[in-house]
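# Structural overview
Spelled out from the first residue to the last, the chains are:
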Amino acid sequence: MTRDTGCVKTGATRVTFGMRLGTIMLDVTAIRRDFPILSQLHHDGVPLVYLDNAATSQKPEAVIRAIENYYRDYNANIHRGIHKLAEEATAAYEGARERVRAFINAASSREIVFTRNTTEAINLVAYTWGRVNIRAGDVIVLTEMEHHSNLVPWHMLAAETGAHLEFIPVTDDGYLDLGAFDRLLELHPRLVAFTHMSNVLGTINPAAEMVARAHAAGAVVLVDGAQSVPHLPVDVRALDCDFLAFSGHKMCGPTGIGVLYGKRALLEAMPPFLGGGDMIKRVYLREFRPNDLPWKFEAGTPAIAEGIGLGAAVDYLTGLGMAEVHAHEQAIVSYALDRLHEIKGAHVYGPPARDRGGVAAFSIDGIHPHDLAQLLDRDGIAIRAGHHCAMPLHDRLGLVATARASFYVYNTEEEVDRLILSLYRAMDLFGV
Ligand code: 7TS
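This section reports on the structure supplied with the text. These numbers come from a predicted model, not from an experiment.

Take the overall build of the chain next. Within the chain, the secondary structure is distributed over 14 helices and 17 strands. The C-alpha radius of gyration computed for the chain amounts to 22 Å, which stays within 12% of the reference 22 Å derived for 432 residues, consistent with globular compactness. A principal-axis box enclosing the C-alpha atoms of the chain has dimensions of 70 × 55 × 40 Å. Expressed as a percentage of its 432 residues, the buried residues of the chain come to 55%. Residue pairs at least 24 apart in sequence account for 69% of intrachain contacts in the chain once pairs closer than 6 positions are excluded. Entry remark: accessible area of the chain is about 17,600 Å², with carbon and sulfur atoms responsible for 53%.

In this section: the packing of helix H6 (residues 178-185) against helix H7 (residues 207-216). Running from N to C, H6 and H7 cross one another at 20°; their axes reach a closest spacing of 10 Å. Between H6 and H7, the interaxial angle falls into the category roughly parallel. Helix-helix and strand crossings are classified by hand; for H6 and H7 the assignment is right-handed. Contact with H6, carried on its side by Leu178, Phe181, Asp182 and Leu185, involves Met210, Arg213 and Ala214 of H7 and no other residues of that element. Partitioned by chemical class, the residues of the contact of H6 with H7 number 5 nonpolar, no polar and 2 charged.

This part takes up the nonpolar core. Ile104, Phe114, Leu244, Met251 and Val409 are the most contacted members of the largest nonpolar core, which has 77 residues in total. Among the elements that take part in this core, helix H10 (residues 304-320) stands out by supplying 10 residues, more than any other. Mapped onto the domain boundaries, this core takes at least three residues apiece from domain 1 (7-60 + 321-430) and domain 2 (64-319). With residues up to four places along the chain from it excluded, the contact list for phenylalanine 114 reads Tyr93, Ala96, Arg97, Val100, Ile257, Gly258, Val259, Glu298 and Leu310. Among the nonpolar cores identified, the runner-up in size contains 31 residues, and Val348, Phe362, Ile383 and Val416 belong to it.

Turning next to the pairing of strand E10 (residues 258-262). Taken across its 5 residues, E10 has 5 buried, putting it largely inside the fold. Alternating positions in E10 separate into two faces, Gly258, Leu260 and Gly262 on one and Val259 and Tyr261 on the other, with burial throughout. Two strands pair when backbone bridges link them, and strand E4 (residues 112-115) and E10 are joined in this way by 4 bridges, in the antiparallel orientation. In the sheet register, isoleucine 112 faces E10, and the bridge partner there is tyrosine 261. In the sheet, strand E9 (residues 243-247) pairs with E10 via 5 bridges, with the strands oriented antiparallel. Looking at the pairing, leucine 244 lines up with tyrosine 261 of E10.

As a further point, take the environment of alanine 207. You can see alanine 207 is positioned in helix H7. Taking the C-alpha atoms as reference points, alanine 207 and histidine 231, separated by 24 residues in sequence, lie 15 Å from one another. In contact with alanine 207, not counting residues within four places along its chain, are Phe194, His196 and Leu239.

The next subject is the pairing of strand E17 (residues 402-406). The buried count for E17 comes to 5 of 5 residues, which makes it a mostly enclosed element. Covered by surrounding structure in E17 are Thr402, Arg404 and Ser406 together with Ala403 and Ala405, the residues of both alternating faces. Note that strand E14 (residues 359-364) and E17 share 4 bridges and pair antiparallel. Note that in E17 the partner of valine 359 across the bridge is serine 406. Taken together, the 3 bridges between strand E16 (residues 384-386) and E17 define a ladder with antiparallel strand orientation. Counterpart to glycine 386 in the pairing with E17 is threonine 402.

What follows is about unusual backbone geometry. Here the residue pair leucine 293 and proline 294 is connected by a cis peptide bond, since its omega of -5° sits within 30 degrees of zero. Here proline 294 shows up in the loop between strand E12 (288-290) and H10. Residues other than glycine seldom take positive phi values, yet cysteine 252 does so here, at roughly 75°. Examined against the element boundaries, cysteine 252 turns out to sit in the loop between E9 and E10. In the Ramachandran plot, aspartate 278 falls in the positive-phi region, its phi being about 75° despite a non-glycine side chain. Secondary-structure assignment places aspartate 278 in the loop between helix H9 (264-269) and strand E11 (280-283).

Turning to the environment of leucine 310, a few remarks are in order. By the secondary structure assignment, leucine 310 is in helix H10. Placed 266 residues apart in sequence, leucine 310 and aspartate 44 show a C-alpha to C-alpha distance of 34 Å. Residue contacts for leucine 310: discarding those within four places in its chain leaves Val100, Phe114, Gly248, Met251, Pro254, Ile257 and Val259.

What counts, and at which threshold
Residues numbered from 1 in each chain as written. Predicted model: local features only at pLDDT ≥ 70, side-chain atom pairs only at ≥ 80, totals over all residues. Heavy atoms only, no water. Helix = DSSP H or I, 4+ residues; strand = E, 2+ residues; numbered from the N terminus. Rg over C-alpha atoms; globule rule 2.2 N^0.38 Å. Buried < 20%, exposed > 50% of the residue type's maximum accessible area, 1.4 Å probe, protein only. Contact = heavy atoms within 4.5 Å. Areas by Shrake-Rupley, 256 points an atom, 1.4 Å probe, with all protein chains shown as cover. Axes fitted to C-alpha atoms, helices over the stretch in contact; angles between N-to-C directions. Parallel < 35°, antiparallel > 145°, perpendicular 65-115°, else oblique. Left-handed = near helix turned anticlockwise from the far one by under 90°. Nonpolar A, V, L, I, M, F, W, Y, C, P; charged D, E, K, R; others polar. Core = buried A, V, L, I, M, F, W, Y, C linked by side-chain atoms within 4.5 Å. Domains from an automatic or database assignment. Pairing = 2+ DSSP bridges.

So this is what it looks like as structure tokens:
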């Protein structure tokens, strides 16, 4: 195993060599053909360069087809019909749950709760586990690099219960200060909740190590996997986290479907979240008995087509190999960081490529990130500008906004070159 990365050109195909030197990682040319949107021509006939993958990924044909097939061939509600279509739809939806279980190596598909997205998964824990287990004076440890969806639910819980929030600081080079984490653990927090990978800095946090330390201090641990599950191999049994939240739409799947993984004993002990159909075993006029896991947390008709689409996305990513996905993104981000560092007046935030996923947030002196994003769009390049739903992190960095390029399985070094060229054009225009 070596961390050397490099690229060779073989005819028209650029083949990326990554973490395991000499092993072909991803056939990006073939992958690009799987994503219909990537053949789209943008303004002036230039091909689209999609570098906003941390916001949402593009969808391969296999996912689009899985959704279409459900509506065309076996559309029915699930868990309730006796007829053939209902049985087919139920089998496909529950089959997707089993695929997700295998993808993150959970012990049982009962531990896989479908939600709308990461945000809803975290809120589910805050509303159910939180309201039973958190009392006035309890400590909840978060970090300064969280997305708002792993901050605001805890603000709301703390306001309601009188719990205290504490934060692991972010160092100047974009890492969590683990010495400070150890000191916070001396407060014996009830809960530690942190992102596996920052959506701004790209930092991949040492999640297994942090979970072990938090458990030793007696805390329950929630990991926000919105940016890690789509991009790295994630094994919940190796991590030993109590909860893991992630979204389908960032991992080649559709919007409207997300996942809460929870250890079975914890989920069993939690009260239901939303009440209604499907989440009950028996209803009387004045009371009800909740359903078994995971349906106890899935009230009402779920996002059936989206769940099936997520199953197809998991198949697609499994086919590529998550270690290969990660290696490809590290090679691309490493190249992007090198090229960005060459630009005079550019500032790139976060750690070196070896400790990050495929995210590069940056700024250029004299140009507002929103102006940059707008000018890049004219060249057919989609990036995001703003606070990326991480305002406290931007406060910590002393910034209002950053520009962010984020990469996925279909991005190439040629696309990074187009990004850099377009940045130079923007600088020319602004005279910086
Ligand atoms: N956690 C992290 C680390 C995220 O990056 C995001 C979304 C979420 C939670 C919320 O996911 P959702 O699917 O519930 O919305 N991040 C971003 C982003 O960086 N740009 O747009 C959405």
